[in-house]
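Summary of structural features
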Amino acid sequence: MPYVIAPPAIVSLPVVGCADRFPVRRIYCVGRNYVEHAQEMGFSGREAPFFFMKPADAVVPCALGETVEMAYPPATTNLHHEVELVVAIAGPGGRDIAPERAHEHVFGYAVGLDMTRRDRQGEAKKQGRPWEIGKAFDGSAPIGAIVPAAQCGELLDGPIELRVNDRVVQSSDIAKMIWGVRDIIAHLSAAWALSPGDLIMTGTPEGVGAVAAGDVLLARCAMLPELTVRVR
Ligand code: MN
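Residues numbered from 1 in each chain as written. Predicted model: local features only at pLDDT ≥ 70, side-chain atom pairs only at ≥ 80, totals over all residues. Heavy atoms only, no water.

**Things to note about helix H5 (residues 181-191)**
What counts is decided by this rule: Note on exposure labels: buried denotes an accessible area under 20% of the residue type's maximum, exposed denotes more than 50%, and partly exposed covers the range between, all computed with a 1.4 Å probe on protein chains only. Runs of H or I in DSSP of at least four residues are treated as helices and runs of E of at least two as strands, each being numbered from the N terminus. In this analysis, two residues are considered to be in contact whenever any of their non-hydrogen atoms come within 4.5 Å of each other.
Those residues of H5 lying buried are Val181, Ile184, Ile185, Ala186, Leu188 and Ser189. Check the buried side of H5 and you find it contacts strand S3 (27-31), strand S4 (50-54), strand S8 (83-89), strand S9 (106-113) and strand S15 (199-201).

Written out as structure tokens, the structure is:
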């Protein structure tokens, strides 16, 4: 089909053990999904899950064994890291997926960083404004290679950790998520039709903090490939 301008490229992630890539459609993110992180942000940790989104082209894909660079973004002086388990949806997707069937829609898992302009997010919260300026900026979603669920099974527990310059700053277990992956898919699909290519960033544990240009972030989750990001 002819277009009046060149169509945008399809953003994609590498898949472990496979030459073909996973094309990204949407990125859904879960807010405050670990009790200790909710508390460090000033909340009880007892809320229903809520969601925000990042654009697909915010993804910074990281191949196996690679260190990716992310530019320190403009319009912030308080860039925060949030290490998260990322779920890739294979489909069929759709609306009103029951938690008991949710795992059938999962293609696989990766580790990712929900990079956040915390100063801008804080202002938005205070003023009752949208979060995009704080969450949905260019390069705000570095994500590693996806491991297919067919290889690793359903990921229900396992350590999740972030090191900044070799110092552990976030350390928890994905079993501590308030809403597990099946519940997240059920809640999300009550409000949006999930589709193949969707990613879900499942929330971060406690220990979020600022990073500076020159820092190296090493994210790990369960047996998933590590994600290494250098901020430039
Ligand atoms: Mn997050």
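Here the narrative resumes.
**Some remarks on unusual backbone geometry**
Pro92 follows Gly91 through a cis peptide bond whose omega is 10°. Following the sequence through the fold, Pro92 ends up in the loop between S8 and S9. Although it is not a glycine, Arg32 adopts a positive phi angle of roughly 45°. For Arg32, the position within the fold is in the loop between S3 and helix H1 (35-40). Judged by its relative accessible area of 14%, Arg32 falls in the buried class. You will see that Asp166, though not glycine, has its phi angle at about 75°, which is positive. Relative to the helices and strands, Asp166 resides in the loop between strand S13 (159-164) and strand S14 (167-173). Here Asp166 falls in the exposed class, since its relative accessible area comes to 62%.

**Observations concerning the sheet that holds strand S18 (residues 227-231)**
Heads up, the rule is: Paired strands, as defined in this entry, are two strands with at least two bridges between them according to DSSP. Axes here mean lines fitted to C-alpha atoms, for a helix over just the part in contact, with angles spanning 0 to 180 degrees between N-to-C directions.
Judged by pairing direction, the sheet is mixed, and its 5 strands sit side by side in the order S6-S18-S17-S13-S14 without closing on themselves. In the strand order of this sheet, the two ends are held by strand S6 (67-70) and S14, each with one partner. With strand direction ignored, the average angle separating the axes of adjacent strands in the sheet is 20°. Note that S6 and S18 share 4 bridges and pair parallel. Considered in S18, the bridge of Val68 is made with Val229.

**Describing the coordination of the manganese ion**
Where we set the bar: Note on donors: an N, O or S atom is included if it sits within 2.8 Å of the metal, or within 3.2 Å for Na, K and Ca, and water is never included, so sites can look incomplete.
Looking at the metal site, the manganese ion is ligated by Glu82 (OE), Glu84 (OE) and Asp114 (OD), spaced 2.0 to 2.1 Å from it. Binding-site remark: the manganese ion is held by donors from one chain whose sequence spacing is E-x1-E-x29-D. Of this pair, Glu84 sits in strand S8 while Asp114 sits in the loop between S9 and strand S10 (116-117), placing them 30 residues apart in sequence. Each member of the pair, Glu84 as well as Asp114, carries the same accessibility label: buried.

**What to know about the sheet that holds strand S16 (residues 209-210)**
Pairing is antiparallel in the open sheet, where 3 strands are placed in the order S10-S7-S16. Of all the strands in the sheet, the pair left with one neighbour each is S10 and S16. Examined bridge by bridge, strand S7 (residues 79-81) and S10 share 2 bridges and lie antiparallel to one another. Note on S10: the bridge partner recorded for Leu79 is Arg117.

**Quick look at the nonpolar core**
Quick note on the threshold: What is meant by a nonpolar core is a set of buried Ala, Val, Leu, Ile, Met, Phe, Trp, Tyr and Cys residues, joined one to another through side-chain atoms within 4.5 Å.
Ranked by size, the top nonpolar core spans 45 residues in total, and within it Leu85, Leu113, Ile185 and Leu217 carry the most contacts. When residues of this core are traced back to their parent elements, those giving at least two are S3, S6, S8, S9, S13, H5, strand S17 (216-221) and S18. Judged by nonpolar contacts, the second largest core, of 20 residues, contains Val15, Ala88, Trp131 and Met201.

**Remarks on the packing of aromatic side chains**
Two aromatic rings are characterised by how far apart their centres lie and by the angle between their planes. As a reminder of what qualifies: Classification of ring pairs rests on two measures: the distance between centres of Phe, Tyr or Trp rings, Trp counted by its six-membered ring, which must be within 6.5 Å, and the angle between planes, read as stacked under 30 degrees, edge-to-face over 60 and tilted in between. For a ring to carry a charge above it, either NZ of a lysine or CZ of an arginine must fall within 6 Å of the ring centroid while also lying within 35 degrees of the normal to the ring plane.
Tallied over the entire structure, the rule returns 5 aromatic pairs. Arranged with centres 6.1 Å apart and planes meeting at 90°, the rings of Phe51 and Trp192 form a pair that is edge-to-face. With Phe51 in strand S4 and Trp192 in the loop between H5 and S15, this residue pair connects regions lying 141 residues apart in the sequence. By relative accessible area, Trp192 is classed as partly exposed at 29%. Ring centres 5.4 Å apart and planes at 55° place the aromatic pair Phe52 and Trp131 in the tilted group. Linking Phe52 in strand S4 with Trp131 in the loop between helix H2 (118-127) and helix H3 (132-135), this pair joins segments that are 79 residues apart in sequence. This pair shows no difference in class: Phe52 is buried, exactly as Trp131 is. Connected via pairs of aromatic rings, a cluster forms that spans Tyr28, Phe51 and Trp192. Over the ring of Phe43 we find Arg32; its NZ or CZ atom is 3.5 Å from the centre of that ring.

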